[in-house]
Amino acid sequence: MLSKREKDLIAEVWTKLIPVAEDIGSDALTRMFATFPGTKTYFSHLDISPRSAHLLSHGEKIVLAIAEGAQDIDQLAVSLAPLQTLHAYQLRIDPTNFKLFSHCMLVALAAHMGDDFTPVVHAAIDKYLSAFAAVLAEKYR
Amino acid sequence: MVEWTDFERATIADIFSKMEYEVIGPAALSRCLVVYPWTQRYFGNFGNLYNAAAIIGNPLVAKHGTTILHGLDRAVKNMDNIKSEYAELSVLHSEKLHVDPDNFRLLSDCLTIVISAKLGKEFNGEVQAAFQKFLAVVVTSLGRQYH
């Protein structure tokens with residue numbers, strides 16, 4: 001459950017990340033591949049070496065989608081509809097991996113924001129990413 | 001037996017040699033209590049945990065956070081035998097404290113994030129992987145004696 005204050009905080013944080021989307025996104029992905037090697041199996045068609053062109057582009061896409069959702073969290077099911085279909089019918093990424101990625105995103109944010117990544121900010125974003133992942137997996141079955 | 005690479009051993013030794021226990025321990029435990037509020041169930045006698053500010057400023061939380069972090073020292077000193085190092089503590093957490101072992105994972109996630117905030121870029125993907133592997137072994141060992 002997200003309070004109004006948390007929703008505003010989340011929108012504020014993610015808006016600030018838009019200019020560094022490819023850095024944050026590729027960092028989160030690199031962390032995930034290093035820490036949870038099984039996740040690499042979904043990327044055999046891409047060059048996922050640190051800061052490769054593929055990784056920067058892919059990381060940017062993900063962060064921009066999360067940032068867009070953050071602007072109106074109450075409408076997540078609407079704004080994510082196309083991505084829901086993509087993940088359910090084409091990508092079919094096991095949803096357990098969403099948790100792994102979310103964790104690595106939080107670690108990336110902590111490295112990027114340092115002290116600004118307070119427990120309150122951490123809690124709000126963790127809740128948002130959980131909600132985001134849940135919506136993304138909705139069309140799976 | 002867990003196999004550790006030279007890089008992993010060096011990484012763990014390095015992180016803990018520079019560890020500020022009285023800062024990181026409290027930060028990790030209080031973060032856990034804020035981000036996963038249901039973990040507060042184990043701290044009914046810690047006084048005011050009413051909101052984030054109260055938790056972060058609570059001296060009992062701070063003291064306990066430091067204690068827990070020092071609990072990792074025995075694993076750092078004996079990385080080749082972490083399972084046996086924690087056998088007794090595992091029994092304690094199961095039989096006496098009745099702590100759901102999933103909480104060990106929650107706390108270790110918070111510790112990872114606190115370390116990441118502190119070290120920034122230096123805590124890159126490879127370092128994170130080594131640190132999380134270490135914590136995963138500790139977490140498994142602490143849960144090992146539950147039945």
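Our structure is the block above this text.
All values reported here derive from a predicted model rather than from experimental measurement.

1. Examining the interface of chain B and chain A
Moving on, step 1. Of the residues lining the interface, 20 residues belong to chain B; the matching set on chain A comes to 18 residues.
Moving on, step 2. Between chain B and chain A lies a buried interface of about 1,500 Å² when both sides are counted; carbon and sulfur atoms form 62% of it.
Moving on, step 3. It is B:Arg31, B:Ile113 and B:Gln128 in chain B that bury the most area against chain A; as a group they hold 33% of the surface buried on that side.
Moving on, step 4. Our enumeration of links across chain B and chain A arrives at 0 salt bridges.
Moving on, step 5. In this structure, the connection of chain B to chain A is made through 7 residue pairs in polar contact (both at pLDDT 80 or more).
Moving on, step 6. For the side of chain B that touches chain A, the secondary structure elements donating two or more residues are helix H2 (21-35), helix H3 (52-57), helix H8 (102-119) and helix H9 (125-143) of chain B.
Moving on, step 7. Taken together, the residues of the side of chain B that touches chain A break down into 10 nonpolar, 7 polar and 3 charged.

2. Considerations on the packing of helix H1 (residues 4-17) of chain A against helix H7 (residues 119-136) of chain A
Residues and elements named next belong to chain A.
Moving on, step 1. Remark: H1 packs on H7, axes separated minimally by 10 Å, with the N-to-C direction vectors making an angle of 90 degrees. The pairing of H1 with H7 is recorded here as roughly perpendicular in orientation. Within the contact between the two elements, H1 uses Glu6, Leu9, Ile10, Val13 and Trp14 and H7 uses Val120, Val121, Ala124, Ile125, Lys127, Tyr128 and Leu129.
Moving on, step 2. In terms of residue class, the contact of H1 with H7 is built from 10 nonpolar, no polar and 2 charged.

Calculation criteria
Residues numbered from 1 in each chain as written. Chains lettered and ligands numbered in written order. Predicted model: local features only at pLDDT ≥ 70, side-chain atom pairs only at ≥ 80, totals over all residues. Heavy atoms only, no water. Contact = heavy atoms within 4.5 Å. Buried area = accessible area lost by both parts, 1.4 Å probe. Salt bridge = Lys/Arg side-chain N within 4 Å of Asp/Glu carboxyl O. Polar contact = N/O pair within 3.5 Å; in protein donor to acceptor, adjacent residues only side chain to side chain. Helix = DSSP H or I, 4+ residues; strand = E, 2+ residues; numbered from the N terminus. Nonpolar A, V, L, I, M, F, W, Y, C, P; charged D, E, K, R; others polar. Axes fitted to C-alpha atoms, helices over the stretch in contact; angles between N-to-C directions. Parallel < 35°, antiparallel > 145°, perpendicular 65-115°, else oblique.

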